[in-house]
Amino acid sequence: LDGTRVIASVKHFLGDGGTVGGKDQGDTPVSEAVLRDVHGAGYPPGLAAGAQTVMASFNSVNGVKMHGNKVLLTDVLKDRMNFGGFVVGDWNGQGQVPGCTNENCPASFNAGVDMLMTPDSWKGYYESALAAVKTGEIPMSRLDDAVRRILRVKLRLGLFEAGKPSQRAVGGKYELLGAPEHRAVARQAVRESLVLLKNQNQVLPLKPGIKLLVAGDAADDVGRQSGGWTLNWQGTGTKRVDFPNADSIWEGLKAQVVAAGGSAELSLEGKYQQKPDAAIVVFGEKPYAEFQGDIPNLMYKPGDDSDLELLKRLKAQGIPVVAVFISGRPLWVNREINAADAFVAAWLPGSEGAGIADVLLRKPDGSVAHDFKGKLSFSWPRTATQFVNNVGQPGYDPQFAFGHGLTYADDGNLAKLPEVSGVTGVQ
């Protein structure tokens with residue numbers, strides 16, 4: 001690899017997305033066929049494309065913690081799949097292996113983790129690992145194998161000839177961060193990932209020269225549209241100034257509407273000075289990462305109907321309402337879909353809020369600027385308790401099937417969806 005490249009890692013190996021109840025770091029009780037064909041499907045092409053490291057997962061497979069799973073890490077990944085790079089652990093993942101602590105776990109190393117991630121326990125782990133090698137609990141052959149794998153990857157990257165980071169090909173070239181050509185690719189990704197679930201009476205795309213109201217508490221919040229694992233672990237506590245090379249959804253919409261001779265007004269709570277021709281309401285999940293995002297069911301904001309009430313209030317005032325839903329996963333939002341004239345699953349558009357305007361607004365001449373291309377990569381739930389909801393499973397009956405997604409040429413009219421959540425005591 002040349003000096004403009006970095007090593008890629010594929011993770012989290014293995015079965016991380018199949019835990020019982022979707023619980024982070026839980027157990028994945030599946031057959032070997034399902035483990036291979038479903039959860040393992042992305043690894044052969046990822047490794048074939050040149051990924052050099054594989055990260056072990058926090059979860060267990062059939063009760064065995066992956067950080068201590070020799071069968072999968074060594075026998076399958078390294079031997080059967082002929083993986084020549086190295087396996088890296090996750091944050092103190094070795095400490096979850098039975099009989100281990102963060103600072104003492106020969107079992108994880110012996111299972112096949114070549115480089116353990118010990119961010120705050122490295123010194124203790126080094127001392128215990130050294131002692132384990134001296135007693136033979138960690139065989140010298142295993143240590144040699146791990147060192148060989150790590151050196152092999154560094155040699156492939158050319159690190160020993162590369163010099164200091166500041167002296168490398170892209171050292172100090174901060175203009176590459178947020179470069180226009182990179183942002184253009186990100187904006188295209190936003191456009192092409194948006195999924196249209198409803199377009200009653202073809203309310204979309206909107207004419208850009210209109211009086212537009214943009215509402216909802218996620219409309220002008222780059223942190224919200226970026227989600228977790230961004231500027232910090234949970235993606236919370238950020239400010240607009242933290243994202244200098246970004247456009248919020250509001251900023252993207254305003255720029256295109258004003259450029260076309262229209263007017264745009266931002267009001268998170270949905271109030272306005274002059275009645276708008278249409279309203280775009282942006283709402284959705286607050287940022288989260290890992291187990292902080294675990295939820296007991298698939299209902300969106302149980303006990304808090306503020307977003308729903310905003311949609312209904314604007315609709316009752318005779319304003320066409322477009323809902324833009326920000327989320328990291330499909331959630332049960334039948335009531336919100338019913339309350340809106342159009343509903344767009346926008347996922348997490350990150351820095352490129354303008355990509356949403358590209359699709360929702362027509363060109364100034366009235367023609368379609370960009371059509372919807374996005375299709376559901378996960379099945380959308382019919383109820384808030386429809387957890388078993390994957391193609392091929394018995395009784396597969398989602399609200400919107402895997403691969404669903406409307407275009408402007410399709411009939412976007414949608415009959416009223418059932419509003420019974422399936423959660424006991426909640427409508």
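Residues numbered from 1 in each chain as written. Predicted model: local features only at pLDDT ≥ 70, side-chain atom pairs only at ≥ 80, totals over all residues. Heavy atoms only, no water.

Engineer: Describe the overall build of the protein chain, with residues and values.
Structural biologist: A count of helical and extended segments in the protein chain gives 13 helices and 12 strands. When the backbone C-alpha atoms are referred to their principal axes, the protein chain occupies close to 80 × 55 × 35 Å. Expressed as a percentage of its 427 residues, the buried residues of the protein chain come to 46%. At a minimum sequence separation of 6, the contacts of the protein chain that also span at least 24 residues come to 75%. Accessible surface computed for the protein chain: about 20,900 Å², of which carbon and sulfur atoms make up 55%. Placing the 44 positive and 46 negative side-chain charges of the protein chain at their respective mean positions leaves the two points 2 Å apart. (Helix = DSSP H or I, 4+ residues; strand = E, 2+ residues; numbered from the N terminus. Buried < 20%, exposed > 50% of the residue type's maximum accessible area, 1.4 Å probe, protein only. Contact = heavy atoms within 4.5 Å. Areas by Shrake-Rupley, 256 points an atom, 1.4 Å probe, with all protein chains shown as cover. Lys, Arg positive; Asp, Glu negative; His and termini not counted. Charge placed at Lys NZ, Arg CZ, Asp CG, Glu CD.)

Engineer: Break down the environment of Val420 for me, citing the residues and quoting the values.
Structural biologist: The residue Val420 is located in the segment after α13 (354-360) in this model. Separated by 358 residues in sequence, Val420 and Asn62 have C-alpha atoms that sit 34 Å apart.

Engineer: Any details on the state of the cysteines? Residues and values, ideally.
Structural biologist: Per the counting criterion, the structure on display carries one disulfide. Across a sulfur-sulfur distance of 2.2 Å, Cys100 and Cys105 are joined as a disulfide pair. Measuring the twist about the S-S bond at about 65°, one finds the Cys100-Cys105 disulfide to be right-handed. Side by side, Cys100 and Cys105 carry an identical accessibility label, which is buried. (Disulfide = S-S within 2.5 Å.)

Engineer: I'd like to hear about the nonpolar core, residue by residue, with values.
Structural biologist: In terms of nonpolar packing, the biggest core is built from 32 residues, with Leu204, Leu206, Leu212, Ile280 and Leu360 touching the most fellow members. Mapped onto this core, the elements with two or more residues apiece are β8 (211-215), α10 (249-259), β10 (278-284), β11 (321-326), β12 (342-347) and α13. Those residues in contact with Leu212 that sit more than four places away from it in its chain are Leu206, Leu253, Val257, Ser263, Ala264, Glu265, Pro276, Ala278, Ala279 and Ile280. Listed in part, the 30 residues of the second largest apolar core include Leu47, Val76, Phe83 and Leu116. (Core = buried A, V, L, I, M, F, W, Y, C linked by side-chain atoms within 4.5 Å.)

Engineer: Which residues make up the sheet that holds strand β3 (residues 53-56), and what values do they have?
Structural biologist: An order of β1-β3-β6 is seen for the three strands of this open sheet, with the pairing classed as parallel. Only two strands of the sheet have a single neighbouring strand rather than two, namely β1 (9-13) and β6 (86-88). Looking at each pair of strands side by side, their axes are set apart by 30° on average, direction ignored. Judged from the three bridges that link them, β3 and β6 form a sheet pairing that is parallel. Of the residues in β6, the one forming a bridge with Val54 is Val87. (Pairing = 2+ DSSP bridges. Axes fitted to C-alpha atoms, helices over the stretch in contact; angles between N-to-C directions.)

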